[in-house]
Amino acid sequence: MKEFLMRNLHGDVEGTCSGRVGFIICVLTVTNISPGKVLPGSGLAEFVVHYQAIVFKPYKGEVVDAIVTSVNQIGFFADVGPLQVFVAQKLMPSDFKFDSNGPCYRGDDQMIEKNGQVRLKIVGLKHQATQINAVGTIKEDYLGQIQ
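Note that the structure is predicted; figures quoted are calculated from it, not measured.

**Concerning the overall build of the chain**
Right, so step 1: Along its length, the chain carries one helix and 14 strands.
Right, so step 2: For the chain, the C-alpha radius of gyration of 21 Å lies well beyond 15 Å, the compact-globule estimate for 147 residues.
Right, so step 3: Over its C-alpha atoms, taken along the principal directions, the chain stretches across nearly 65 × 25 × 25 Å.
Right, so step 4: Of all 147 residues assigned to the chain, the portion counted as buried reaches 30%.
Right, so step 5: The long-range fraction of contacts in the chain, counting pairs at least 24 apart against all pairs at least 6 apart in sequence, stands at 54%.
Right, so step 6: In the form shown here, the chain has an accessible surface area of approximately 9,300 Å², with 52% of it arising from carbon and sulfur atoms.
Right, so step 7: Separation of charge centres in the chain, based on 14 positive and 14 negative side chains, amounts to 8 Å.

**Concerning the nonpolar core**
Right, so step 1: Membership of the largest hydrophobic core comes to 24 residues, with the highest contact counts inside it found for Phe76, Leu83, Ile112, Val118, Leu120 and Ile138.
Right, so step 2: Where this core is concerned, the elements lending two or more residues are β6 (63–72), β7 (75–80), β8 (83–88), β12 (117–127) and β13 (132–137).
Right, so step 3: In terms of residue count, β6 provides more of this core than any other element does, four residues in total.
Right, so step 4: Of the residues that make up this core, three or more belong to each of domain 1 (2–56) and domain 2 (63–145).
Right, so step 5: In contact with Leu83, not counting residues within four places along its chain, are Phe23, Phe56, Pro58, Ala78, Ile122, Ile132 and Ala134.

**Here we look at the sheet that holds strand β2 (residues 22–33)**
Right, so step 1: Ordered in space as β1-β2-β5, the three strands form an open sheet in which the pairing is antiparallel. In the strand order of this sheet, the two ends are held by β1 (17–18) and β5 (49–56), each with one partner.
Right, so step 2: With two bridges joining them, β1 and β2 adopt antiparallel strand pairing. Each residue of the ladder has a partner; that of Cys17, found in β2, is Phe23.
Right, so step 3: Strand contacts of helix α1 (residues 2–13): β2 and β5, with the helix running at about 165 degrees to β2, the strand carrying the most contacts.

**Focus: the sheet that holds strand β9 (residues 97–99)**
Right, so step 1: The strand order across the open sheet formed by three strands is β9-β10-β11, and the pairing between neighbours is antiparallel. A single partner strand is all that each edge strand has here, and the edge strands are β9 and β11 (111–113). Neighbour to neighbour, the strand axes of the sheet diverge by 25 degrees on average, direction disregarded.
Right, so step 2: Alignment of β9 against strand β10 (residues 104–106), held across three bridges, turns out to be antiparallel.

**Description of the domain arrangement of the chain**
Right, so step 1: On domain assignment, one finds that the chain holds domain 1 (2–56) and domain 2 (63–145).
Right, so step 2: If you look at the interface, domain 1 gives seven residues, while domain 2 gives nine residues.
Right, so step 3: Considering only the surface of domain 1 that becomes buried against domain 2, Gly19, Phe23 and Phe56 emerge as the three largest contributors, covering 71% of it.
Right, so step 4: Where domain 1 touches domain 2, the interface holds zero salt bridges.
Right, so step 5: Where domain 1 touches domain 2, the interface holds zero residue pairs in polar contact (both at pLDDT 80 or more).
Right, so step 6: At the level of elements, β1 and β2 are the ones that each hand at least two residues to the side of domain 1 that touches domain 2.
Right, so step 7: Counting residues per element, the side of domain 1 that touches domain 2 draws most heavily on β2, which supplies three residues.
Right, so step 8: A per-class count over the side of domain 1 that touches domain 2 returns four nonpolar, three polar and no charged.

Definitions and cut-offs
Residues numbered from 1 in each chain as written. Predicted model: local features only at pLDDT ≥ 70, side-chain atom pairs only at ≥ 80, totals over all residues. Heavy atoms only, no water. Helix = DSSP H or I, 4+ residues; strand = E, 2+ residues; numbered from the N terminus. Rg over C-alpha atoms; globule rule 2.2 N^0.38 Å. Buried < 20%, exposed > 50% of the residue type's maximum accessible area, 1.4 Å probe, protein only. Contact = heavy atoms within 4.5 Å. Areas by Shrake-Rupley, 256 points an atom, 1.4 Å probe, with all protein chains shown as cover. Lys, Arg positive; Asp, Glu negative; His and termini not counted. Charge placed at Lys NZ, Arg CZ, Asp CG, Glu CD. Core = buried A, V, L, I, M, F, W, Y, C linked by side-chain atoms within 4.5 Å. Domains from an automatic or database assignment. Pairing = 2+ DSSP bridges. Axes fitted to C-alpha atoms, helices over the stretch in contact; angles between N-to-C directions. Buried area = accessible area lost by both parts, 1.4 Å probe. Salt bridge = Lys/Arg side-chain N within 4 Å of Asp/Glu carboxyl O. Polar contact = N/O pair within 3.5 Å; in protein donor to acceptor, adjacent residues only side chain to side chain. Nonpolar A, V, L, I, M, F, W, Y, C, P; charged D, E, K, R; others polar.

Written out as structure tokens, the structure reads:
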């Protein structure tokens, strides 16, 4: 029974997002499993499981490395593990211009293109019940394309 509960726990919570705790990456250990309680009328059993997990909860002001997933005229999207961050053109240095041939953004000495790596700063977060939305910037020193 314990093995069945462990498999279900891993399948149900790993890879999910809770606005309260962040992205649940991996369940490490189960600390307590309550005795089962049979639900009247259905024959199903309910268990309370306490566990420790590795989570990713981004915060405002955090500097992270990301992979660019799409580029368009209004900005670009980049993935930081399970978190998708949007960087608007207004949050890029003023020398960055959109090049539709790429598509990419070109600066004096940098280029932001799909599948490229960037270092960005999270400037805004919106926590919802099952997801986290983020806005980033590359307008500060030491941010932008990673070479």
